[in-house]
Amino acid sequence: MPASRRGAETAERRSVELTGARQLLRRMVEVVALPVDRQARLDRIVQLIAANLVAEVCSIYALRAGDVLELFATEGLARESVHRTRMAVGQGLVGTIAATGNIINTDDARTHPNFAYFPETGEDIYHSFLGVPVLRGGRVVGVLVVQNTARKRYGDDEVEALQIIASVLAEMLAAGALVDRERYTDLPGIEREQRRLEGQALVEGVAVGRAWLHDAKIEITRLLADDPVQEAERLEAAIEGLRQSLDSMLERADLGAGEHLDVLETYRMFAHDGGWRRRIREAIETGLSAEAAVRRVQEETRVRIGHANDPYLRERLLDLEDLAERLLRLLAGRDSHGAAKLMPSGSIIVARNLSAADLIDYDHTKIRGLVLEEGSPTAHVTIVARAFDLPMLGRVERAMAQIEGGDLLALDSDHGQVLIRPSEDVTEAFMAAMRARQDRRRVFDSLKDQPAVTLDGIELELSLNAGFLIDLGELEATGAAGVGLYRTELAFMSRPDFRDPEVQSGYYAAVLERAGPKPVCFRTLDIGSDKQLPYWRMPAEENPAMGWRAIRLTLDRPAILRHQLRALLRAAAGRPLLKVMFPMVAEVAEYRAAKRILGLELRRAAAAGQTLPDRLEVGAMMEVPSLYWQLPTLLKEVDFLSVGSNDLLQFLFACDRGSPVIGDRYDVLSPPALSFIRALVEQCRAAGVRLAVCGEMASRPVEAMALAGLGVRHLSLSPAQIGPVKAMLRSLDAGAMAAYLKRLLNLPDHSLRRHLLAYARDHDINLPDSSGLGP
């Protein structure tokens, strides 16, 4: 037979099959509207599918809790097996389809290596087997099967027809049209039990509210279309709109807009990908609407790439997911600004990611909090959320897939968790914690202008940690003495390119202007490790935390350090004080090398006739333990020393603080750690050098209590913790705490935390928990 004739016959068969599938889908929609119970509708649908595909058996299996598949309806198998036949995911042919997301098409099911026999079904007489996954939300939610007694391998047209039917069936099941939502609450998409998700606290706080899905998946209401040509035209128009929108974003995009240029370039590449567009067009030709075709290709791509181990492929999946959702919004004519206006009061926004502009689109007075699948502490949206005082939880895996719009959420960012559909008791506990938090905040606000003086008359200076201009408003709000740590690298991380000295100088001048008369201590660039610049390619290192970073990097690239110091001197020209400290100094030689570069810039400024600050103070950060053994020499050369407790403790214990296995193994309130800090205090006091602690240790009231007992008199902490730490200090007898600690430091205990908490309880020391909730 000539190839042209075979091709014509193949096309004709495909046309017949797809025409039949379209007619079947319309009849399925009619069945859903019948005034009968849901099980009767499901039974009728399997009858229709069997008749349409000339199959003796058609069965629907739904995934239930515990990774168990249950037979929900059948035409051809034993009726009594419905809701009785169950199998584990991975068991038998049906279980294999659910486990892998792959199609199984065989002319002899019994000889398939994964075959499992369920005698109650009476399926032993059927040889031919075709099963396809029912996909929704990137997950297999069920399996659709047809069988025949005759040995035959189903054709490609029949396979495609069954896949189309399965995609429509998935939407019907999720909508509750075919199953009883109240009875089958464990089915994917209609879960109703309380669940707990964990994430990373980006902005601390507690909130209760209803989930509002930002850029929620478009609910496809029109699955079928009578005119494929018209749908293809709609698709082409939407793709063109997508391309234009991406081009516009590239013209104005920077990191502040929440999109990196490389990501947008990748998006644009996929938007011009012919294969992606061709697959959607082919789905339209089967009778699906443009929206349903996009969703079908999206679901197939998720299954195909979703299990990949290659991180590059998984990243590409995320790109395609975003493109598909953008395309669906264009097809639906959805206006993102209009959607923001529809959000009700008391909402917790749930999103894959969010830009600062996205958040500003919303009325922040209606927002209770935010839950993101992505997010980072340095993202602009985090800074805006902090300014709005909105609790924010990031890195919550599959939040969009597990939280439905309107779900009640209890957000506890303090402990890195969000509860979905909490019980009444849990909700009341959260509400009580929120009321207690408000009461404590009123107490802390009343202390704003009060000194941080202990009961025995010892005054401590409380400064705040900052990294963005927006943080400086907290100086007035908290009554902080100044900025004890300004992380200059955060401003570099939030830009698409490296700042030249002029731009840097303007930025630092704005920092000093906003701080007013209060001092600001600038830490020079601490990049590397977990703080990467998007425009620098850092070398791959097995342990970057102890690698090429901070002062090591800037000494090896002295132009970077010179430009930064030049900018700082310009910004502080004529001001009373400029404070600069160098991070991660491991030996005196490194400090001296950095001071020499500072000296070069001082001489350069003087030669140019530039006005200098009235006073210049230069210090080092104690983060690397090796520096301790050179303290006598170092203390003769520095104006101050600042303990970076986060890095110091991880290096002291040789413990990666980012490790999920041992990150919490060692406690900062252990005898070795506290003894080390006490020795620092004694040497600095003897040398007359100011010592401060600026890591997370200073921000926690119980740890700050210990630091006060060790003799630390300067703390730099997060703005939210200045009130709680000040309240603690004003209820503490520092001398008594010092005497108690002295007795504890020789104990062989892993941690002294329980001793210190017991002491605080016995002596009525105010140690407020931030939320009153535990994980």
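The next point concerns the pattern of salt bridges. Per the stated rule, a full pass over the model turns up 33 salt bridges. Ionic pairing is found between E158 and K152, a salt bridge with its closest N-O pair at 3.2 Å. Owing to a relative accessible area of 28%, K152 belongs among the partly exposed residues under this scheme. As a salt-bridge pair, E682 and R678 come within 4.0 Å of each other at their nearest N and O atoms. Of this pair, E682 and R678 are both found in helix α23 (residues 671–687), four residues apart, which corresponds to roughly one turn of the helix. Among the charged side chains, a network of salt bridges with common partners joins D667, E696, R700, E703 and R753.

Because side chains alternate across strand β17 (residues 520–523), one face comprises the buried residues V520 and F522, and the other comprises C521 and R523, equally buried. Of the pairings in the sheet, the one linking strand β16 (residues 483–487) to β17 comprises three bridges and is parallel in character. Within β17, the residue paired with Y486 across the bridge is F522. In the sheet, β17 pairs with strand β18 (residues 577–582) via three bridges, with the strands oriented parallel.

So, on to the sheet that holds strand β6 (residues 139–148). Pairing is antiparallel across the open sheet formed by six strands, whose spatial order is β3-β2-β1-β6-β5-β4. Either end of the sheet is taken by a strand with one partner, and the two such strands are β3 (86–88) and β4 (104–106). Ignoring which end each strand starts from, the neighbouring axes of this sheet average 25 degrees apart. Of the strand pairs in this sheet, strand β1 (residues 57–64) and strand β2 (residues 68–75) are connected by seven bridges, and their pairing is antiparallel. Each residue of the ladder has a partner; that of Y61, found in β2, is L71. Contacting β1, β2, β3, β4, β5 (128–136) and β6, helix α3 (residues 92–100) runs over the sheet at an angle of about 35 degrees to β5.

Another point: the environment of R487. Among the structural elements, R487 can be located in strand β16. R487 gets classed as partly exposed once you look at its relative accessible area, which sits at 26%. In sequence terms R487 and G467 are 20 residues apart; their C-alpha atoms lie 4.7 Å from each other. If we ignore the near neighbours within four places in the chain, the residues touching R487 are N465, A466, G467 and R523.

This paragraph deals with empty space enclosed by the protein. Per the counting criterion, the structure on display carries two cavities of 30 Å³ or more. Volume-wise, the largest cavity comes out at about 140 Å³. The wall of the largest cavity is formed by 15 residues, among which V94, F115, A116, E123 and F129 lie closest to the centre. Elements that contribute at least two residues to the lining of the largest cavity include exactly α3 and β6. Here the lining of the largest cavity takes three residues from α3, the largest share from any one element. Residue composition of the lining of the largest cavity, grouped by class: 11 nonpolar, two polar and two charged.

Here R395, not a glycine, exhibits a phi torsion of approximately 55 degrees, which is positive. By the secondary structure assignment, R395 is in the loop between β12 (392–394) and α13 (399–402). In the Ramachandran plot, R421 falls in the positive-phi region, its phi being about 50 degrees despite a non-glycine side chain. The residue R421 is located in the loop between β14 (417–420) and α14 (424–446) in this model.

Moving on to the sheet that holds strand β9 (residues 206–213). In space, the eight strands of this open sheet follow the order β7-β14-β13-β9-β10-β11-β12-β8, with mixed pairing throughout. Of all strands in the sheet, those bounded by a partner on one side alone are β7 (195–198) and β8 (200–203). Across the sheet, the mean angle separating the axes of adjacent strands is 30 degrees when strand polarity is ignored. Pairing analysis gives four bridges linking β9 to strand β10 (residues 347–351), with the strands arranged parallel. Residue pairing across strands places L213 opposite V350, the latter belonging to β10.

The rules behind each value
- Residues numbered from 1 in each chain as written.
- Predicted model: local features only at pLDDT ≥ 70, side-chain atom pairs only at ≥ 80, totals over all residues.
- Heavy atoms only, no water.
- Salt bridge = Lys/Arg side-chain N within 4 Å of Asp/Glu carboxyl O.
- Buried < 20%, exposed > 50% of the residue type's maximum accessible area, 1.4 Å probe, protein only.
- Helix = DSSP H or I, 4+ residues; strand = E, 2+ residues; numbered from the N terminus.
- Pairing = 2+ DSSP bridges.
- Axes fitted to C-alpha atoms, helices over the stretch in contact; angles between N-to-C directions.
- Contact = heavy atoms within 4.5 Å.
- 1 Å grid on protein atoms, 1.4 Å probe; cavity = no way out; pocket = protein on both sides within 12 Å on 5 of 7 lines; lining within 4 Å.
- Points joined across faces, edges and corners; volume = space filled by probe spheres on them.
- Nonpolar A, V, L, I, M, F, W, Y, C, P; charged D, E, K, R; others polar.

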